[in-house]
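Chains, contacts and geometry: an overview
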Amino acid sequence: MHEIYVTRPSMPAQEEYYKEISDIWGTHYLTNMGNKHNILEEKLRDYLKAENVSLFCNGHMALELLIQAMGLSGEVITTPFTFASTTHAIVRNGLEPVFCDVNADDYTIDTEKIEQLITEKTSAIIPVHVYGHVCDVEAIDKIARKYNLKVIYDAAHAFGVNYRGKGIAEFGDASIFSFHATKVFNTIEGGAACYKDSEIGERLYQLKNFGIQSETVVNGVGANAKMNEFQAAMGICNLRHIDEEISKREKVFHRYLSNLCDIKEVKINLPKNDIKFNFAYFPIVFNKEDDKTIRDKVYDRLRTYGIYTRKYFYPLTSTFECYHGKYDASKTPMALNISNNVLTLPLFADLELEDVDRIAQYIKQILVE
Ligand SMILES: *Cc1c(COP(=O)(O)O)cnc(C)c1O
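Summarised in this report is the structure supplied together with it. Computed from a predicted structure; not experimentally measured. (Residues numbered from 1 in each chain as written. Predicted model: local features only at pLDDT ≥ 70, side-chain atom pairs only at ≥ 80, totals over all residues. Heavy atoms only, no water.)

**Remarks on the side chain of Glu 229**
Our working definition: The numbering of helices and of strands both runs from the N terminus, where a helix is a DSSP run of H or I of at least 4 residues and a strand a run of E of at least 2. Each residue is placed in one exposure class: buried if its accessible area under a 1.4 Å probe, protein chains only, is under 20% of its type's maximum, exposed if it is over 50%, and partly exposed if it falls in between. Asp and Glu are treated as the negative residues and Lys and Arg as the positive ones, with His and the ends of the chain left uncounted. The working definition used for a salt bridge is a side-chain nitrogen of Lys or Arg within 4 Å of a carboxyl oxygen of Asp or Glu. Whether two residues are in contact is decided by their heavy atoms, any of which lying within 4.5 Å being enough.
Among the structural elements, Glu 229 can be located in helix α8 (residues 229–240). Although Glu 229 is buried, it makes no salt bridge; Lys 36 carries the closest opposite charge, 6.2 Å away. Discounting residues that sit within four places of it in the chain, Glu 229 has contacts with Ile 24, Tyr 29, Leu 30, Thr 31, Gly 34, Asn 35, Lys 36 and His 37.

**Quick word on the sheet that holds strand β15 (residues 342–345)**
The pairing of strands in a sheet comes from backbone hydrogen bonds and takes either a parallel or an antiparallel form. Note the threshold: By the convention used here, strands pair only if DSSP detects at least 2 bridges between them. Axes here mean lines fitted to C-alpha atoms, for a helix over just the part in contact, with angles spanning 0 to 180 degrees between N-to-C directions.
Here we have three strands laid out as an open sheet, ordered β12-β14-β15, and antiparallel in their pairing. The sheet terminates laterally at β12 (266–267) and β15, the two strands that pair on one side only. Each of β12, β14 (282–286) and β15 is contacted by helix α9 (residues 242–260), which is oriented at about 25° to β14, the strand it contacts most.

**Re the packing of helix α4 (residues 59–69) against helix α7 (residues 198–207)**
Here is the rule we go by: Note that the term roughly parallel is reserved for angles under 35 degrees, roughly antiparallel for angles over 145, roughly perpendicular for angles of 65 to 115, and oblique for everything else. Should the near helix be turned anticlockwise from the far one by less than a right angle, the crossing is termed left-handed; should it be turned clockwise, right-handed.
Here α4 crosses α7 at 125°, and the two axes come no closer than 9 Å. Our classification of the angle between α4 and α7 gives oblique. The hand of the α4/α7 crossing is right-handed. Facing α4, whose interface residues are Leu 65, Leu 66, Gln 68 and Ala 69, α7 presents Ile 200, Arg 203, Leu 204 and Leu 207.

**Topic: the site of the ligand**
This is how it is decided: By convention in this text, a residue qualifies as near a molecule or strand provided that one of its non-hydrogen atoms is within 4 Å of it. Polar contacts, as used here, are pairs of N or O atoms within 3.5 Å; protein pairs need one atom able to donate a hydrogen and one able to accept it. Residues neighboring in sequence count only if both atoms are side-chain atoms. Using a 1.4 Å probe, the Shrake-Rupley method yields the accessible areas, and only the shown protein chains count as cover for residues. A cavity here means a set of 1 Å grid points, computed over protein atoms only, where a 1.4 Å probe fits but cannot escape. A pocket is an open set with protein on both sides within 12 Å along at least 5 of 7 lines, and lining residues have an atom within 4 Å of a point. More than half of a molecule's atoms lying within 2 Å of a cavity's or pocket's grid points is what places that molecule inside it.
If you check the shell around the ligand, you find 15 residues, and the closest are Gly 59, His 60, Asp 154, Ser 178 and Lys 183. Interatomic distance of 2.8 Å between a backbone N/O atom of Gly 59 and an oxygen atom of the ligand. Between an oxygen atom of the ligand and a main-chain N or O atom of His 60, the distance comes to 2.8 Å. A total of 380 Å² of accessible area belongs to the ligand in isolation, and the protein chains cover 94% of it. Because more than half of its atoms lie within 2 Å of the grid, the ligand is assigned to the largest pocket.

Nothing here speaks to function; it is all geometry.
Spelled out as structure tokens, the structure:
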């Protein structure tokens, strides 16, 4: 039995990576914003159509330090249907997350419900482009202007996504991306912050390097969150193949779709019009309200066939043990329901289409058992 995991990181050809890193043995320049780092930063600025890009050791530190650099205070409106990182980054900055519910048709923040959560303490909105679906950026922008709030998008899932001809990083005051091994584009581990205000860039540059301004001046309580040269080299290689990566994912996505679109037990959300999608994930949502037994059964049974899916995102971040008793998940009923019923199927560039057919067959079989 050959096992299939939910994801499998794409890698460049060995020779291509060796060639990219070979000059490092001449320079001995391993980290601290070296040549590879600067080349990748520049290439990503073009690819993402972002005004400014700052690279990080991972996406989480990009978000955590971006929040610090932007000087947010008090309360931040966000969603609980996300990866641990989004909520933790807010809390680790000493801020209070205020959880808004999500839409059924794209899993992103329900903009109809934002205004009722705004108080005099609210300083920002941190929405998530879940699975590469684009948040209602126009509605969010309108609310942010009306109440003078900052907007940071968690775009960890949205690398390569365009909306109405614009890069996804062009929306809001800033966005973060993750280049973790499991994402559409990887630098092994890595991440980036994209931002409009160049002053944020100076602060970020210091915050990711201990707050050091010059040899003898340290004027920020910084962290160490720099991207090293070997990570950047991986990124330079992978970026050369990003179009092929996304088009291979697209084939897998459509193969799942043709297999599963007529099953009445599951809901599959397609990207909206005007979106150039990145086919990062293939989530299915079992539409039995408030009952996770079917989802859990499919998850367990698929494992016996060597198919490892993921309950992603489950549980909601607002129900994590570390936040016990602080938040009420019943106030975000849509997020709670999706979280209890979602299953993310294996999707990566080199997944065989026959395997997609096989996974879909198993699911259909399990559902009639
Ligand atoms: C992956 C991810 C992150 C964190 O990125 P890392 O690079 O793993 O630190 C943040 N938010 C979301 C939604 C993610 O999926």
